[in-house]
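What follows is each chain in one-letter form.
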Amino acid sequence: MTVAPDGSGAVFGALPWYNAEAYDLVYQGLTDVTALPGTMFVLVSVQRSSTVVVHDLNTGREAGRFDLAGRYGNPLLTVVGNDLWTIDYDTFVRVNLSTRQVVRKVHLQSAAQGTMQFAGELFVWAARR
């Protein structure tokens, strides 16, 4: 991966962990990517997956992964302080980035039995002074 010095853009190379053995490439595209602050890693989410992959920019390989709420959503990733905040289909999930452990999850939308209801996207309002 090549990242512009000012952070305005990036060119992503091959992802050896993103293949037909691990994902259904017709239905599971890449959803989001965000930098893991202070590291040479990025977090990558995949459609219809509750697993976030930690991708090493130096080696071009997977450096780890962690699970969200098991709801198989299309997680958009937002770093807030030392946490990752995301919506996993119908559940808000907060992950401590130091430990990569879920520290909080809240089911946001109930639905008819046997179904799930998409909760939408997360928006973080930055406080202004």
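Conventions we followed
- Residues numbered from 1 in each chain as written.
- Predicted model: local features only at pLDDT ≥ 70, side-chain atom pairs only at ≥ 80, totals over all residues.
- Heavy atoms only, no water.
- Helix = DSSP H or I, 4+ residues; strand = E, 2+ residues; numbered from the N terminus.
- Rg over C-alpha atoms; globule rule 2.2 N^0.38 Å.
- Buried < 20%, exposed > 50% of the residue type's maximum accessible area, 1.4 Å probe, protein only.
- Contact = heavy atoms within 4.5 Å.
- Areas by Shrake-Rupley, 256 points an atom, 1.4 Å probe, with all protein chains shown as cover.
- Pairing = 2+ DSSP bridges.
- Axes fitted to C-alpha atoms, helices over the stretch in contact; angles between N-to-C directions.

1. Some words on the overall build of the chain
Step number 1: Across its full length, the chain holds zero helices and 10 strands.
Step number 2: Mapped in sequence order, the helices and strands of the chain form the string β-β-β-β-β-β-β-β-β-β.
Step number 3: In terms of overall size, the chain behaves like a compact globule, its C-alpha atoms giving a radius of gyration of 15 Å where 129 residues would be expected to give roughly 14 Å.
Step number 4: Referenced to the eigenvectors of the C-alpha coordinate spread, the extents of the chain come out at roughly 50 × 45 × 25 Å.
Step number 5: Per-residue burial for the chain yields a buried fraction of 31% across its 129 residues.
Step number 6: Once local pairs closer than 6 in sequence are excluded, the contacts in the chain between residues at least 24 apart make up 33%.
Step number 7: Of the roughly 8000 Å² of accessible surface on the chain, 50% is carried by carbon and sulfur atoms.

2. What about the sheet that holds strand β10 (residues 101-107)?
Step number 1: A sheet is described by the order of its strands in space; here four strands give the open sequence β7-β8-β9-β10, paired in antiparallel fashion. The open sheet has two edge strands with one neighbour each: β7 (78-80) and β10. Along the sheet, successive strands turn relative to each other by an average axial angle of 25°, direction set aside.
Step number 2: Two elements, strand β8 (residues 83-88) and strand β9 (residues 91-96), share six bridges in a ladder whose sense is antiparallel. Bridging from a neighbouring strand, D83 pairs with N96 of β9.

Purely geometric stuff here, so don't read any function into it on its own.
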